Amino acid sequence: MNLRGWIARAWPAVPILAALLFTTILLVMFGASPIESLEAMIRGAFGDQSKTLSVIAFWIPLLLSSTGLLVTFTAGLWNIGIEGQIVMGAIAASWVALNLEAPSFILIALEIIAAMAAGGLWAGLTAVLKTRGRVHEIFGGLALNNIAIIFTNYLISGPWQPPEGGTFRGTQPFQAAALLPRYANSRFSPLSLVLLVIAFAMVVVALRGTFWGLKLKALGKNLRSAFLLGVSSEREVILAMLFCGALAGMGGAVRVLSWFDSLRQSISGGIGFLALLVVMLASYRILWVPLIAFFFSVVLNGSITLQLRTQLHSSLGGILTGVMVLFVLLFGDANKLRIFGKKKSHE
Amino acid sequence: MNDSEIVRILASMILQATPLMIAVTGETITERSGIVNLSLDGSMLMAAMTGFVVGLKTDSVWLGFLAAAAVGALFALIVAFGSIRLRQSQVAIGFVLTLLGDDLSAFLGQNYTRIPGPVIKRMGIPVLEEIPFVGPIFFDQDITVYLTYLLVALTWFFLFKTQAGLKVRAVGERPEAAFARGVNVDYVRYLYAIIGGALVGISGAVYSFNVKLGWSEGHTRGFGWIALAIVIFGGWSPIRGALGAILFGATKALATYLQRAFPQVSVVAFNAIPWVLMIAVLLMVSSNITERLVIYMPRRIQRPVRRLLRVGPPMALGISFGDD
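Worth saying up front: this structure is predicted, and the values here are computed from it rather than measured.

Enquirer: Can you lay out the overall build of chain A for me, pointing to particular residues and giving the numbers?
Expert: In terms of helices and strands, chain A carries 15 helices and zero strands. Seen along its three principal axes, the alpha-carbon backbone of chain A occupies a region of about 70 × 60 × 30 Å. Here chain A, with 347 residues, has 51% of them falling under the buried criterion. Sequence-distant contacts, at least 24 apart, represent 76% of the contacts inside chain A between residues at least 6 apart.

Here's what the structure looks like:
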């Protein structure tokens, strides 16, 4: 193989390395040793069993959301409202946990169903605003994100505040029967992993092997061919959004029922936006999505330990993931960069 | 509520609206040339932080504004480069930059949170500030407010009354036609993306120096998205955009008043007003709800009302233009 072939093959590593370099420079600017920081991050992610289980517990709702986004991205929709869908799922699950009494497995089933319904409803609202009101899903979703977050703050400072008084931090811990059974006192719940595997398998099959998947692809690629296929864009847009919202809502339920044990102020922890980055980085390669989501989970959990150790702001994890996606978007495709001179364009 | 209180609320409304007007004007210029800079929320945060830190270190708000403009221009340049040269999705790049600007500003500004810094002092315009009612609302503000009035008016004049403005609009509407007439489409788009981005950057610094003094994590979070929505509501016209900004400034000013008037209502409920308003105004200009209502109006005013309410984006907005 000639040099040009080798460069083309190794090229995908370049933006990743550039992102690592960018983050390293930031660390050095703030007087932190890059090697020590990396070590702190790795120790924060894999230092002991509970830390590793935390990485997995964070990964599960993140991947649930990313899985939902695969559907909306395929349909060409920018479901930025996913953050609010996670929050509404968390609120619905919390309502069940705070208000109903039942044997554990019934309670958990109800919580998950309520969360999926609430997430779906919130996504459906964005979808209807788009199809009927012609409000772009980015703006509808964004406004609904903020409304959902404000609603959470209202609940935990008002009607759902703990008996000892509102602290703005969260509700009182839920009854034990309402929580997902967790493995070895960690935040990881095996049941949520089972749900995740089912959801992911369903989406892979739906997108790759069903007519619905084809219709969504047609919709996402090109409205005209979708029209020729006889795809009702309104119906598919709403369905895709409902599907994504339901999975995001389930992710929200996992957040309150296993990551935390109560409804908290920033319940989503930004996993909705992070999931958007995951899917953008994977750029439709479905099987890469779980790996990238896992890597992001490692980075984000590691950067929390980094903050404890070095007093550096934990947003460093977000910077690393963001810069990585930006560089891959900008420089990931060597052909588009035209580094080998101007080639004949196919467009 | 007495007269002086109304005046105070209205004056605060103008102050709240000022940075939004600047950002909306900037983004309007950019979108008129056919590029969507979706990174507003992140670039405003980065610019607010950079402007504040530079202003603090040099003890000069003007250097702060300059630095903020540079940051805003850089973000816009990345979006423009990604879309024009690399043919990538403007929405994708803009969205990533939004998140990145948020995190970067939190990290880089971590040692400068909640400390006092330089501020711009109020400076009434002689004579004009004496006008009863109107004077204290519009002309007893600081210099950035007056410059913003000027900016909005000049931008409107530039876009709709000058040859160069016509060129910008042509590039945004029909790039092929503009290209055929000898306009360098890519150059125009780069230029006005950068100018618009610089204005967005300045708007971030206006928050740090005038409206919401200082810097804290997530200082201007949300305002960038509101500005993007106002651009649509404003029908890509600087003057309508400015009116939209004043509308949102009014909700902010009114929320402060309502909180005092109705202490039994939860404080957090008032925070939702701008977001509900955002959906409402977008529905008003985009959906056919208004169209259905217009039919019931007297025939004579139907046409002007329709012209007033209906807006459409520049036709080539967000679409890359191939010159090869």
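On we go from here.
Enquirer: Provide a residue-level description of the overall build of chain B, including the pertinent values.
Expert: Along its length, chain B carries 15 helices and zero strands. Its C-alpha atoms give chain B a radius of gyration of 20 Å, within 12% of the compact-globule value 20 Å for 324 residues. Dimensions of chain B along its principal axes, counting C-alpha atoms only, are 60 × 60 × 40 Å. By the burial criterion, 48% of the 324 residues in chain B qualify as buried.

Enquirer: Got a sec to walk through the nonpolar core? Specific residues and values, please.
Expert: Core analysis: the biggest nonpolar cluster contains 208 residues, and Val278 of chain A together with Leu20 and Val96 of chain B have the highest contact counts within it. Residues lining this core come from more than one domain, with at least three contributed by each of domain 1 (1-31 + 313-347) and domain 2 (33-311) of chain A. Dropping the residues within four chain positions of it, Val96 of chain B is found in contact with Leu277, Gly322, Val325, Leu326 and Leu329 of chain A.

Enquirer: Account for the domain arrangement of chain A, with residues named and values stated.
Expert: Residue and element names in this part refer to chain A. Here chain A is described as being made up of domain 1 (1-31 + 313-347) and domain 2 (33-311). Domain 1 puts 13 residues into the contact, and the matching count from domain 2 is 14 residues. For the side of domain 1 that touches domain 2, the secondary-structure elements that each account for two or more residues are α2 (13-29) and α14 (315-331). The dominant element in the side of domain 1 that touches domain 2, judged by the number of residues it contributes, is α14, at eight residues. In the side of domain 1 that touches domain 2, the residues fall into seven nonpolar, six polar and no charged.

Enquirer: Let's hear about helix α1 (residues 3-32) of chain B: which residues, and what values?
Expert: The α-helix advances 3.6 residues per turn, and as a result positions three or four apart in sequence lie on the same side. Residues and elements named next belong to chain B. The first and last C-alpha atoms of α1 sit 41 Å apart over 30 residues, in line with the 44 Å expected at 1.5 Å per residue. Approximately 35° is the largest bend angle found in α1, and it occurs at Thr18, with the proline Pro19 only one to four residues beyond. At the C-terminal side of α1, Gly34 shows a positive phi close to 105°.

Enquirer: Account for unusual backbone geometry, with residues named and values stated.
Expert: Residue and element names in this part refer to chain B. In the Ramachandran plot, Asp59 falls in the positive-phi region, its phi being about 55° despite a non-glycine side chain. Here Asp59 shows up in the loop between α2 (40-58) and α3 (61-84). Taking the C-beta count within 10 Å as the criterion, Asp59 has 10 such neighbours and is therefore assigned exposed.

Enquirer: Could you give an account of the environment of Pro314 of chain B, naming the residues involved and the relevant values?
Expert: All names here are of chain B. You can see Pro314 is positioned in the segment after α15 (299-309). Classification of Pro314 by C-beta neighbours within 10 Å gives buried; the count is 21. Sequence-wise, Pro314 and Arg174 are 140 residues apart; in three dimensions their C-alpha atoms are separated by 8.7 Å.

Enquirer: Lay out the interface of chain A and chain B in plain terms, naming residues and giving numbers.
Expert: Every contact between the two is made by 36 residues of chain A and, on the other side, 34 residues of chain B. For the side of chain A that touches chain B, a count of residues per class yields 21 nonpolar, 11 polar and four charged.

Enquirer: Please give an account of the environment of Arg132 of chain A that cites residues and values.
Expert: Residues and elements named next belong to chain A. Turning to its location among the elements, Arg132 is positioned in the loop between α6 (104-131) and α7 (137-157). The class for Arg132 is partly exposed, based on 14 C-beta atoms found within 10 Å. Sequence separation between Arg132 and Glu234 is 102 residues, and the spatial gap between their C-alpha atoms is 8.5 Å.

Enquirer: Go over the confidence of the model for chain A, please, and point to the residues and values.
Expert: Residue and element names in this part refer to chain A. Mean pLDDT over chain A works out to 90, with 93% of the residues at or above the 70 mark. Across chain A, the secondary-structure element scoring lowest on mean pLDDT is helix α10 (residues 223-228), at 67, and the one scoring highest is helix α5 (residues 82-99), at 97. pLDDT under 50 marks residues 342-347. Its contacts with residues more than four places away, or in other chains, come to four contacts.

Enquirer: Give a description of the packing of helix α12 (residues 271-282) of chain A against helix α13 (residues 288-310) of chain A that names residues and reports values.
Expert: Residue and element names in this part refer to chain A. The N-to-C vectors of α12 and α13 enclose an angle of 130°; their axes lie 9 Å apart at closest approach. In this view, α12 runs oblique relative to α13, as classed from their interaxial angle. Of the two possible hands of crossing, α12 and α13 adopt the one that is right-handed. Contact residues: α12 offers Leu274, Val278, Val279, Leu281 and Ala282, while α13 offers Trp288, Val289, Ile292, Ala293 and Phe296. A per-class count over the contact of α12 with α13 returns 10 nonpolar, no polar and no charged.

Enquirer: Talk me through the packing of α5 of chain A against helix α11 (residues 233-259) of chain A; I want residue IDs and the actual numbers.
Expert: Each pair of packed helices gets described by two things: the angle between the helix axes and the distance between those axes. Residues and elements named next belong to chain A. Two numbers describe how α5 lies on α11: the axes approach to 7 Å, and their chain directions differ by 55°. Between α5 and α11, the angle is such that the two are oblique. As α5 packs across α11, the resulting crossing turns out to be right-handed. Facing α5, whose interface residues are Ile82, Gln85, Ile86, Val87, Met88, Gly89, Ala90, Ala92, Ala93 and Ser94, α11 presents Cys244, Gly245, Ala248, Gly249, Met250, Gly251, Gly252, Ala253, Arg255, Val256 and Leu257. A breakdown of the residues in the contact of α5 with α11 according to their chemical character gives 13 nonpolar, seven polar and one charged.

Enquirer: Requested: an account of helix α13 (residues 273-286) of chain B, with residues and values cited.
Expert: Its 14 residues give α13 of chain B an end-to-end C-alpha distance of 20 Å, which sits within 8% of 20 Å, the value for a rise of 1.5 Å per residue. Looking at α13 of chain B, one finds that the buried residues are Pro274, Trp275, Met278, Ile279, Val281, Leu282, Val285 and Ser286 of chain B. The elements touched by buried residues of α13 of chain B are α6 and α7 of chain A together with α10 (223-233), α11 (238-261) and α15 of chain B.

Enquirer: Run through the confidence of the model for chain B, naming residues and quoting values.
Expert: All names here are of chain B. For chain B, per-residue confidence averages 91 on the pLDDT scale, and residues scoring 70 or more make up 99% of the total. Within chain B, the lowest mean pLDDT, 77, falls on helix α14 (residues 289-294), and the highest, 97, falls on α2. Across the interfaces of the predicted complex, the ipTM metric reaches 0.92, alongside a pTM of 0.93.

Enquirer: Outline the environment of Pro181 of chain A, listing residues and values.
Expert: Residues and elements named next belong to chain A. Mapped onto the elements, Pro181 comes out in the loop between α7 and α8 (190-209). C-beta crowding within 10 Å serves as the criterion here: with 14 such atoms nearby, Pro181 is assigned to the partly exposed category. For Pro181 and Met41, which are 140 residues apart along the polypeptide, the C-alpha to C-alpha distance reads 28 Å. Beyond its immediate sequence surroundings of up to four residues, Pro181 is in contact with Ser189 and Leu191.

About the criteria used
- Residues numbered from 1 in each chain as written.
- Chains lettered and ligands numbered in written order.
- Predicted model: local features only at pLDDT ≥ 70, side-chain atom pairs only at ≥ 80, totals over all residues.
- Helix = DSSP H or I, 4+ residues; strand = E, 2+ residues; numbered from the N terminus.
- Buried ≥ 20, exposed ≤ 12 C-beta atoms within 10 Å, placed from the backbone.
- Contact = placed C-beta atoms within 7 Å.
- Rg over C-alpha atoms; globule rule 2.2 N^0.38 Å.
- Core = buried A, V, L, I, M, F, W, Y, C linked by C-beta atoms within 7 Å.
- Domains from an automatic or database assignment.
- Nonpolar A, V, L, I, M, F, W, Y, C, P; charged D, E, K, R; others polar.
- Expected span 1.5 Å × (residues − 1).
- Bend = angle between axes of the 7 residues up to and from the residue.
- pLDDT = per-residue confidence, 0-100.
- Axes fitted to C-alpha atoms, helices over the stretch in contact; angles between N-to-C directions.
- Parallel < 35°, antiparallel > 145°, perpendicular 65-115°, else oblique.
- Left-handed = near helix turned anticlockwise from the far one by under 90°.

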